[in-house]
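# A structural walkthrough
Chain by chain, the residues run as shown.
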Amino acid sequence: MDSENRKVINATQVIYNGIKFRSKSELRMYQTILNAGFTPDFESQSFILWDGCYLQKPYYYEGSPVVTKKGHTKKLQDWVYTPDFIITLGGCSFIIEVKGNPNDLWPYKRKLFLKLIDTMKDTYFFEVRTMKGLKKTLSTIKSIYDEKVASSKNGGTSSVSS
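None of these values were measured; they are calculated from a predicted model.

Glancing now at helix α4 (residues 131-153). Under the 1.5 Å per step criterion, the end-to-end length of α4 is 33 Å for 23 residues, consistent within 8% with the ideal 33 Å. Of the positions making up α4, those classed as buried are Leu-134, Thr-137, Leu-138, Ile-141, Ile-144, Lys-148 and Ser-151. Of the surrounding secondary structure, the elements contacted by the buried residues of α4 are α2 (24-35), β10 (85-89), β11 (92-98) and β12 (123-128). One or two residues past the end of α4 sits Gly-155, with phi positive at roughly 85°.

So this is what it looks like as structure tokens:
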């Protein structure tokens, strides 16, 4: 994946407990999640949103074909998304993305990711920008989990949709 896409603009990288965070905001969110009693995985799983491919014929950039040194077309890169945090709880996956200043690709990646997880049972996505938003997210996660637990004790009837 292109490292330029992974850089957070105007952010200071920090290392905490051996984990390299791309911003202080990610670290603060991580600490808040831990303090709330959850065990998040940080950037533990990547999802291919679009499979790259080799074109049958070259494409042209400013009049010249875009090819490798051996004359083949260059592969169009996969679109990959790695969420910041995944909390696995009671058979559910809660995916949390911390967004400060999103890059140009983010709206497209979000739409593709939401389409992908729409087919995944008990998978929920949260995008947060502020600490207040994270606290509300954590409260919502707890509510969903509590309802799932109550539902399993009552024979599986629940109003939470997955």
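On to the packing of aromatic side chains. One pass over the structure, following the stated rule, counts 12 aromatic pairs. The interplanar angle of 50° and the centroid separation of 5.5 Å between the aromatic rings of Phe-42 and Phe-85 together place this pair among those described as tilted. Here the residue Phe-42 occupies a position in strand β3 (residues 41-42), and Phe-85 occupies one in strand β10, the gap between them amounting to 43 residues. Pair check on accessibility: Phe-42 and Phe-85 agree, each one buried. Ring centres 5.6 Å apart and planes at 70° place the aromatic pair Phe-113 and Phe-125 in the edge-to-face group. With Phe-113 in helix α3 (residues 106-117) and Phe-125 in strand β12, the pair connects residues that are 12 residues apart, well separated along the chain. For the pair Phe-113 and Phe-125, one class covers both residues: buried. Among the aromatic residues, those joined into a cluster by ring pairs are Tyr-16, Phe-21, Tyr-30, Phe-42 and Phe-85.

Buried residues dominate β11, accounting for six of its seven residues. Pairing of β10 with β11 involves five bridges; the strand directions are antiparallel. From the neighbouring strand, Thr-88 faces β11, where its bridge partner is Ser-93. Between β10 and β11, which pair antiparallel in sequence order, lie two residues; one of them, Gly-90, sits at a positive phi of approximately 55°.

Right, let's talk about the nonpolar core for a bit. Nonpolar side chains in soluble globular proteins tend to be buried together. Ile-33, Phe-85, Ile-87, Phe-94, Ile-96, Leu-138 and Ile-141 are the most contacted members of the largest nonpolar core, which totals 21 residues. Broken down by secondary-structure element, the contributors of at least two residues to this core are α2, β10, β11, β12 and α4. Those residues in contact with Phe-85 that sit more than four places away from it in its chain are Phe-21, Glu-26, Met-29, Tyr-30, Ile-33, Pro-40, Asp-41, Phe-42, Phe-94, Ile-95, Ile-96 and Val-98. Tyr-81, Ile-86, Phe-113 and Phe-125 belong to the second largest nonpolar core, which has nine residues in total.

Cut-offs applied
Residues numbered from 1 in each chain as written. Predicted model: local features only at pLDDT ≥ 70, side-chain atom pairs only at ≥ 80, totals over all residues. Heavy atoms only, no water. Helix = DSSP H or I, 4+ residues; strand = E, 2+ residues; numbered from the N terminus. Expected span 1.5 Å × (residues − 1). Buried < 20%, exposed > 50% of the residue type's maximum accessible area, 1.4 Å probe, protein only. Contact = heavy atoms within 4.5 Å. Phe/Tyr/Trp six-rings, centres within 6.5 Å; stacked < 30°, edge-to-face > 60°. Pairing = 2+ DSSP bridges. Core = buried A, V, L, I, M, F, W, Y, C linked by side-chain atoms within 4.5 Å.

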